[in-house]
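Spelled out, the chains give:
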Amino acid sequence: APLRPGASHRWTVDLLAVEICDGDRCQPVASCSPEQPCAALIDSGTTLLASPKQELAVIEKSVRVDPNCESIPSQNLRFVFGDKKDPVVVELTPSQYIERDMQLPGA
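The sections below set out a description of the structure shown in this document.

What counts and how
Residues numbered from 1 in each chain as written. Predicted model: local features only at pLDDT ≥ 70, side-chain atom pairs only at ≥ 80, totals over all residues. Heavy atoms only, no water. Helix = DSSP H or I, 4+ residues; strand = E, 2+ residues; numbered from the N terminus. Buried < 20%, exposed > 50% of the residue type's maximum accessible area, 1.4 Å probe, protein only. Contact = heavy atoms within 4.5 Å. Areas by Shrake-Rupley, 256 points an atom, 1.4 Å probe, with all protein chains shown as cover. Core = buried A, V, L, I, M, F, W, Y, C linked by side-chain atoms within 4.5 Å. Arc of directions from axis to C-beta. Phe/Tyr/Trp six-rings, centres within 6.5 Å; stacked < 30°, edge-to-face > 60°. Disulfide = S-S within 2.5 Å.

### A closer look at the overall build of the protein chain
Phase 1: On a plain count of helices and strands, the protein chain comes out with two helices and five strands.
Phase 2: Reading the secondary structure of the protein chain in the N-to-C direction produces β-β-β-α-β-β-α.
Phase 3: Residues classed as buried in the protein chain amount to 29% of the 107 residues present.
Phase 4: For the protein chain, long-range pairs separated by at least 24 residues make up 55% of all intrachain contacts whose partners lie at least 6 apart in sequence.
Phase 5: If you sum the accessible surface of the protein chain, you get close to 7900 Å²; carbon and sulfur atoms cover 51% of it.

Encoded structure:
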């Protein structure tokens, strides 16, 4: 994916969409779009996903995350990076984006 023009960080790329996918059906769950992409920071030093709180709340509601982790959602989480002509799609299964036993600082 090309670097975002004018980005202040060398690892920033355009994020065109964040989608929740159930089989072949996907629905957008973030305010990013090809017309108004968000900036995504790619950090190869971690496996964690971070997001602004308001975007994360929408994603959590869409995938129906159980706060007690008693049930795991079935939907995949799809990220579309780059540009409209040649996007890079990364799709994560629930076992790839949910960590059941993780303790966050301050939690």
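### Describing the nonpolar core
Phase 1: Leu15, Val18, Leu77, Phe79, Phe81 and Tyr97 are the most contacted members of the largest nonpolar core, which totals 16 residues.
Phase 2: At the level of secondary structure, the elements contributing two or more residues to this core comprise β1 (12-22), α1 (53-63) and β4 (76-81).
Phase 3: Counting residues per element, this core draws most heavily on β1, which supplies four residues.

### What to know about α1
Phase 1: Buried within α1 are the following residues: Glu55, Ile59, Ser62 and Val63. Down the axis of α1, the buried set is contained in an arc of 90 degrees. They therefore lie on one face. Exposed and facing more than 90 degrees away from the buried side of α1 are Lys53, Gln54 and Lys61.
Phase 2: Contacts made by the buried residues of α1 are with β1, β4 and α2 (94-97).
Phase 3: One or two residues past the end of α1 sits Arg64, with phi positive at roughly 55 degrees.

### What to know about the packing of aromatic side chains
Phase 1: With the rule as written, the count across this model stands at one aromatic pair.
Phase 2: For the ring pair Phe79 and Phe81, a centre distance of 6.2 Å and an interplane angle of 15 degrees mean the geometry is stacked.
Phase 3: With a relative accessible area of 14%, Phe79 lands in the buried category.

### Details of the side chain of Gln75
Phase 1: Tracing the backbone shows Gln75 in the loop between α1 and β4.
Phase 2: Beyond its immediate stretch of four places on either side in the chain, Gln75 contacts Ile20, Cys21, Asp22, Ser62, Val63, Arg64, Pro94 and Tyr97.

### Examining the state of the cysteines
Phase 1: One pass over the structure, following the stated rule, counts two disulfides.
Phase 2: Across the disulfide, Cys32 is cross-linked to Cys38 (sulfur-sulfur distance 1.9 Å). Because the sign of the S-S torsion sets the handedness, a value of about -110 degrees for the bond joining Cys32 and Cys38 places this disulfide among the left-handed ones.
Phase 3: Judged by its relative accessible area of 9%, Cys32 falls in the buried class.
Phase 4: Using a relative accessible area of 21% as the deciding quantity, one classes Cys38 as partly exposed.
Phase 5: The connectivity of the disulfide-linked cysteines in the protein chain, indexed sequentially, is 1-2, 3-4.

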